[in-house]
Amino acid sequence: MAKTIEEINERIRRGEAVVVTAEEIIDLVEVKGVEEVARTVDVVTTGTFGPMCSSGAFINLGHAQPRIKIQRAWLNEVPAYCGIAAVDIYIGATEMAEHDPLNEVFPGEFRYGGGHVIEDLVARRKVRLRAEAYGTDCYPNRHWEKEITLDDVKEAWLFNPRNAYQNYNVAVNLSDRVIYTYMGVLRPNLGNANYCSAGQLSPLLNDPLFRTIGIGTRIFLGGGVGYVVWPGTQHNTDVPRGANGTPTRPAGTIAVIGDLRGMNPRYLTAYSMLGYGATLAVGIGIPIPVLDEETVRYAAVRDDDLVAPVVDYSVDYPQGTGRVLGEVTYAQLKSGRIVVEGKEVPTAPLSSYSRAREIAQTLKTWIRQGEFLLTEPVELLPCATREGR
Amino acid sequence: MVRHKIVLHFPHEQVDKPIVSKLVRDYGLDFNILKASITPREEGLLVLEVTGEEEDYLRGMEYLRSCGVSIQPLSQDVRRNEDRCTHCGACLAVCPTDALSLDRESWEVRFSEEECVACELCVRVCPPRAMEIHY
Ligand code: SF4
Ligand code: SF4
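Residues numbered from 1 in each chain as written. Chains lettered and ligands numbered in written order. Predicted model: local features only at pLDDT ≥ 70, side-chain atom pairs only at ≥ 80, totals over all residues. Heavy atoms only, no water.

K.L.:
Just give me the short version of the interface of chain B and chain A, but keep the residues and values in it.
P.N.:
Taken together, the contact between chain B and chain A spans 27 residues of the former and 30 residues of the latter. Contact between chain B and chain A buries roughly 2,200 Å² in total, counting both sides, with carbon and sulfur atoms accounting for 52%. Sorting the residues of chain B by area buried against chain A places B:Thr86, B:Trp107 and B:Arg124 first, and these three jointly supply 27% of that buried surface. At the junction of chain B and chain A, the tally comes to 2 salt bridges. Note that A:Glu109 is salt-bridged to B:Arg129, the shortest N-O span being 3.8 Å. (Contact = heavy atoms within 4.5 Å. Buried area = accessible area lost by both parts, 1.4 Å probe. Salt bridge = Lys/Arg side-chain N within 4 Å of Asp/Glu carboxyl O.)

K.L.:
So what's going on with the packing of helix H1 (residues 19–27) of chain B against helix H2 (residues 54–66) of chain B? Which residues, and what values?
P.N.:
All names here are of chain B. Between H1 and H2, whose axes approach to 10 Å, the crossing angle comes to 145°. Judged by the sense of rotation from one axis to the other, the crossing of H1 with H2 is right-handed. On the side of H1, the interface is formed by Ile19, Lys22, Leu23, Asp26 and Tyr27, while H2 contributes Asp56, Arg59, Gly60, Tyr63 and Leu64. Looking at side-chain class alone, the contact of H1 with H2 contains 5 nonpolar, 1 polar and 4 charged residues. (Axes fitted to C-alpha atoms, helices over the stretch in contact; angles between N-to-C directions. Helix = DSSP H or I, 4+ residues; strand = E, 2+ residues; numbered from the N terminus. Left-handed = near helix turned anticlockwise from the far one by under 90°. Nonpolar A, V, L, I, M, F, W, Y, C, P; charged D, E, K, R; others polar.)

K.L.:
Residues and numbers for the site of ligand 2, please.
P.N.:
Around ligand 2 sit 13 residues, and of these B:Cys95, B:Cys116, B:Cys119, B:Glu120 and B:Cys122 come closest. Residue classes in the shell around ligand 2 are distributed as 11 nonpolar, 1 polar and 1 charged. (Near = heavy atom within 4 Å.)

K.L.:
Before we move on, could you go through the side chain of A:Asn141 and cite the residues and values that matter?
P.N.:
Residue and element names in this part refer to chain A. With respect to the secondary-structure elements, Asn141 resides in the loop between strand S8 (127–132) and strand S9 (143–148). A polar contact is formed between the side chain of Asn141 and the backbone nitrogen of His143, at a distance of 3.3 Å. In this structure, Asn141 is in contact with Ala64, Gln65, Pro66, Arg67, Ile68, Ala133 and Gly135, ignoring residues within four places of it in sequence. (Polar contact = N/O pair within 3.5 Å; in protein donor to acceptor, adjacent residues only side chain to side chain.)

K.L.:
Please give an account of the site of ligand 1 that cites residues and values.
P.N.:
Surrounding ligand 1, one finds 13 residues, the nearest of these being B:Cys85, B:Cys88, B:Gly89, B:Cys91 and B:Cys126. Of the residues belonging to the shell around ligand 1, the class tally is 9 nonpolar, 3 polar and 1 charged.

K.L.:
Let's hear about helix H2 (residues 24–40) of chain A: which residues, and what values?
P.N.:
Residues and elements named next belong to chain A. Taking 1.5 Å of rise per residue, the 17 residues of H2 would be expected to cover 24 Å, yet its terminal C-alpha atoms sit only 14 Å apart, more than 12% below that figure. Along H2, the sharpest kink reaches roughly 110°, centred on Gly33. Those residues of H2 that sit buried are Ile25, Ile26, Val29, Val34, Val37 and Ala38. The elements touched by buried residues of H2 are strand S1 (19–21), strand S2 (43–45) and helix H4 (293–299). (Expected span 1.5 Å × (residues − 1). Bend = angle between axes of the 7 residues up to and from the residue. Buried < 20%, exposed > 50% of the residue type's maximum accessible area, 1.4 Å probe, protein only.)

K.L.:
Describe the sheet that holds S2(A), and please don't skip the residues or the numbers.
P.N.:
Residue and element names in this part refer to chain A. Reading across from one edge, S1-S2-S21 is the order of the 3 strands in this open sheet, with mixed pairing throughout. The sheet is open, and its two edges are formed by S1 and strand S21 (287–289), each paired on a single side. The sheet shows a mean angle of 25° between the axes of neighbouring strands, taken without regard to direction. Pairing analysis gives 3 bridges linking S1 to S2, with the strands arranged parallel. (Pairing = 2+ DSSP bridges.)

K.L.:
Tell me about unusual backbone geometry, and please be specific about residues and values.
P.N.:
Residues and elements named next belong to chain A. A cis amide bond links Gln65 with the next residue in sequence, Pro66, at an omega value of -5°. With respect to the element layout, Pro66 can be found in the loop between strand S4 (56–60) and strand S5 (72–75). Put simply, Phe106 and Pro107 share a cis peptide bond, and its omega is -10°. Structurally, Pro107 can be placed in the loop between strand S7 (88–92) and helix H3 (114–122). In this structure, Gln234 takes a positive phi of about 65° despite not being glycine. Within the secondary structure, Gln234 is located in the loop between strand S17 (224–231) and strand S18 (254–259).

See the structure below:
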């Protein structure tokens, strides 16, 4: 009894679509069984909100008078990449403002970086542009300074090369000193463990073999609408998997795009990670069309069945040894304590589960109200397991 | 008589020494321990309410400083900017009290001003900088 995306969209248009979140579907399957849920539910919504360093925005500034072919540019003193035409620039989330003390006084605070510029723009705050050029016959201007806002640049798109990691490491510290990482502060001698995934709500863990998510999938991105455009960088599906097909190591990723103008700083928030750097927390929600019973079985995955690797961030991660200290489930992580090398270790998330829920609920509302239609992917993302490679 | 609430930071090597008990014996001060813990940097952290004569209090504080203990009045306040908190949980690992805790139903991080000793450890750790110092 398979459904098509077109049939589901028809129900969405008529305001009749049955939509549940990836959390709600767990109990529903428990009560009604896979077969009935596949028949009655149309869409499962997912959500995640966490720091995603591989993020940034393309901005076309519009032309100056006289014209300038920008060679170097800064937004609020944060350097932007300018090696593309005259007034196209790319501002990366982890780029730091000039003259930031970085880690000179350790651990550095990293108060303002590219992520902050992006949040400022989305919050409709003014941002100072400074640009320099060498001057040509067709672009004679050598210097341009002005205040810009999101509304007066020509285009501004979020374009993130790697987001929404399918599963992630649990970070611990085996050394005898505090370490400051992109996974937060890690106390010595297994003092704490930080994890960073929404687990059972996480988009790519609910479609572990990429049976529905592909190029062109319309998604919730940063509070607005975006699209999956490509597998993300480091997309890797050739990984160990549990019985339910979910990867037990960091695996697939997606590259996403969306108009910054529709976004909201609540779901696109600048982060400063002590001793590490600046970044951007991104909210992503992906709708999974219920095409068949298989889709339901995958989307009903629960935290007890999702496994993450525990990795030491004092030596093994920085040195790239590949050593894994052990495996834990998201249910154990969310209980607040895990056992690593015989020691009880308190856990904390870095990914906001409350905001992930909010995103899955928001997407559910959009679809129910007929405002958000699903897309047929132009092509599915590569997956070694699905393709039998 | 004066009564002060203060936060003491003990350097690593002083953590085990009975410095505070000398306040009673040699300076005639009374104290109440409101909170005691070891911070992630392995420093001692003690929140005291001290009562005694003004002069004894000042001499007592002088003595603590000579032992390398840093003293902070508890008059300043750490508050949370609720609009900026994303409930990420990064602060949970560093808060030495239960002022920041995770509600496992709503998955929101709760902040309790009553339990906060204004040690400021969370301030720089909070990624969106939601924890603010108010004077
Ligand atoms: S670290 Fe900051 S944003 Fe995260 S939960 Fe704590 S107070 Fe909220
Ligand atoms: S200042 Fe922050 S870390 Fe210190 S007690 Fe208060 S909430 Fe906890």
